[in-house]
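Summary of structural features
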Amino acid sequence: MRRLGPDDAVRWKEVRLHGLLETPDAFLRSYEEERETPLAEIESRLGRDPSDAFVLGAFAGEELVGVIGLFRSGAARERHKATIWGMYVMPDHRREGVA
């Protein structure tokens, strides 16, 4: 597992779209919204300073098989708190300890 960066944008988008098709109720955004998101915007998101938010990817060899996002509160008294978002594991890699 490692933090994803701008170079992972294409693979992240593929996994994200798969998740949105399979389990749309598990996500805030729709498949249509995410499909239309420009790759440059995803690259920018994945390239942000990781001190406040980042996305981790789980790999099987070179294949991205799972993702999970995390962001921290901006309030000084709540910096110790974080929220997990967008967790998804590709069906062929479930029950392998990826999540």
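Just above sits the structure.
A few points on the structure.

Rules behind the numbers
- Residues numbered from 1 in each chain as written.
- Predicted model: local features only at pLDDT ≥ 70, side-chain atom pairs only at ≥ 80, totals over all residues.
- Heavy atoms only, no water.
- Phe/Tyr/Trp six-rings, centres within 6.5 Å; stacked < 30°, edge-to-face > 60°.
- Helix = DSSP H or I, 4+ residues; strand = E, 2+ residues; numbered from the N terminus.
- Buried < 20%, exposed > 50% of the residue type's maximum accessible area, 1.4 Å probe, protein only.
- Salt bridge = Lys/Arg side-chain N within 4 Å of Asp/Glu carboxyl O.

A few words now on the packing of aromatic side chains. Aromatic ring pairs are defined here through the distance separating the ring centres and the angle between the ring planes. In this structure the tally under the stated criterion is one aromatic pair. Ring geometry for Phe27 versus Tyr88: centroids 6.4 Å apart, planes at 55°, classification tilted. Taken as a pair, Phe27 in the loop between α1 (9-22) and α2 (31-35) and Tyr88 in strand β4 (residues 82-89) lie far apart in primary sequence, 61 residues in all. Each member of the pair Phe27 and Tyr88 is classed as buried.

Our next topic: the pattern of salt bridges. Scanning the model with the defined rule gives 10 salt bridges in all. Across the pair Glu34 and Arg16 runs a salt bridge whose closest N-O atoms are separated by 3.2 Å. Highlighted residues: Glu34 in helix α2 and Arg16 in helix α1, separated in sequence by 18 residues. Here Glu34 falls in the buried class, since its relative accessible area comes to 0%. Given the relative accessible area of 8%, Arg16 is considered buried.

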